[in-house]
Amino acid sequence: MSDELVLHEYSASGNCYKVRLTAASVGKHLERREYDIMKGETRTPEFLANVNANGRIPVLEVGDRFIPESNAAAYFVAEGSNLIPTDPFDHADMLRWMFWEQYNHEPNIATLRFWMKWVGVANLTELQRLQMTGKRGAGNAALKLMDEHLTGREWFIGEHMSLADICLFAYTHVAGDADFDLQRYPHVTDWIERVKGQPRYIPMSA
Ligand SMILES: N[C@@H](CCC(=O)N[C@@H](CS)C(=O)NCC(=O)O)C(=O)O
C-alpha cells in the first residue's frame, strides 16, 4: 500500500485549503487532483462510486482508502504533530471547535461566499435568496463568538496554533468575499495575522 497522500479537491474551496494548510504546517507532501465543482465533476457516477458517495470534496486518498470531510482529512494529516493537543481536555476542546465550525460557521460563511462569489445572487433559487439574511446573522454571530473567545488569547486552545485554528481560519480569513466586515472583530483580525505569520503558512492560492 502506497503511503502517498492524494487530495481530491477544488482549490478555491476553504474546506480543501484546510487540508493543504495542515499538510504544509506539518511538512507533509500532498498530491493534488482538481475537480471543477461548477461543472459537477464530483457528481459523476465514477466519483460517487470510487471517491465519495456524498459527491463532495475534499477527499483525502490514503493508499486504497478515502477520507471525506475536511476536518477528518486534516486530522489524519496532522496526527502525531504539535497541531494536535495531547492533553485530553485540550484535545476534546480542539474537536469542539472543529465540530462547531461545521455546524455554526461553515454553513453560514462558506455558503454565503459560494453563493455570492461563485453562483451569483441573480442565479440563486428563491429558497436560497430567502436564506441569505439568516445566514448573514448566523455568520456574524459565529464571528462574534470567535472574537469573544480570542479576547486575551492568542490561539483557540492552549499556547500555540492547533488544528482548530487551521479549520477555523480557512473560511474566516476570506469572509470578506461574502461581505462580512472583519474589522468589527479586532481579535479575529489579529489572530488571522498570527496564523499568516506562522513559518510554514501557505496562502489559499498556493
Ligand atoms: N462538510 C464537508 C463539506 C464539503 C463540501 O461542501 N464541499 C463542497 C466544496 S467546499 C463541494 O464539494 N461542492 C460540490 C457539490 O456539492 O457538488 C467538509 O467539511 O468537507
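Small disclaimer: the values here were computed from a predicted structure and weren't measured. (Residues numbered from 1 in each chain as written. Predicted model: local features only at pLDDT ≥ 70, side-chain atom pairs only at ≥ 80, totals over all residues. Heavy atoms only, no water.)

### A closer look at the pairing of strand β4 (residues 65–68)
Relative to β4, strand β3 (residues 59–62) is paired through four bridges, and the arrangement is antiparallel. Bridge pairing in β4 links Glu61 to Phe66. If you look at the hairpin formed by β3 and β4, you'll find two residues sitting between the two strands, and Gly63 has a positive phi there, around 60°. (Pairing = 2+ DSSP bridges. Helix = DSSP H or I, 4+ residues; strand = E, 2+ residues; numbered from the N terminus.)

### Quick look at the pairing of strand β1 (residues 5–9)
Extensive coverage of β1 is indicated by the burial of five of its five residues. Burial of the side chains of β1 extends over both faces: Leu5, Leu7 and Glu9 are buried on one face and Val6 and His8 on the other. Judged from the four bridges that link them, β1 and β3 form a sheet pairing that is antiparallel. Across the sheet, Val6 pairs through a bridge with Glu61, a residue of β3. In this fold, the crossover linking β1 to strand β2 (residues 31–34) by way of helix α1 (residues 14–26) has right-handed handedness. (Buried < 20%, exposed > 50% of the residue type's maximum accessible area, 1.4 Å probe, protein only. Right-handed = clockwise from strand over helix to strand, strands pointing away.)

### Some thoughts on the layout of surface pockets
Looking at the largest pocket, its volume works out to about 770 Å³. Together, 27 residues line the largest pocket, and Asn15, Ile37, Arg56, Ile57 and Glu106 are the ones closest to its centre. It is helix α4 (residues 88–119) that contributes the most residues to the lining of the largest pocket, eight residues altogether. Grouping the constituent residues of the lining of the largest pocket by class yields eleven nonpolar, eleven polar and five charged. In terms of lining, the second largest pocket is formed by Leu21, Ser25, Asn82, Leu83, His160, Met161, Val195, Gln198, Pro199, Arg200 and Tyr201. For the lining of the second largest pocket, the per-class residue count stands at six nonpolar, four polar and one charged. (1 Å grid on protein atoms, 1.4 Å probe; cavity = no way out; pocket = protein on both sides within 12 Å on 5 of 7 lines; lining within 4 Å. Points joined across faces, edges and corners; volume = space filled by probe spheres on them. Nonpolar A, V, L, I, M, F, W, Y, C, P; charged D, E, K, R; others polar.)

### Here's the deal with the sheet that holds β2
The sheet built from four strands is open, its strands ordered β2-β1-β3-β4 with mixed pairing. Edge positions in the open sheet fall to β2 and β4, since each of these has one partner strand only. Recorded for the sheet is a direction-independent mean angle of 25° between the axes of neighbouring strands. (Axes fitted to C-alpha atoms, helices over the stretch in contact; angles between N-to-C directions.)

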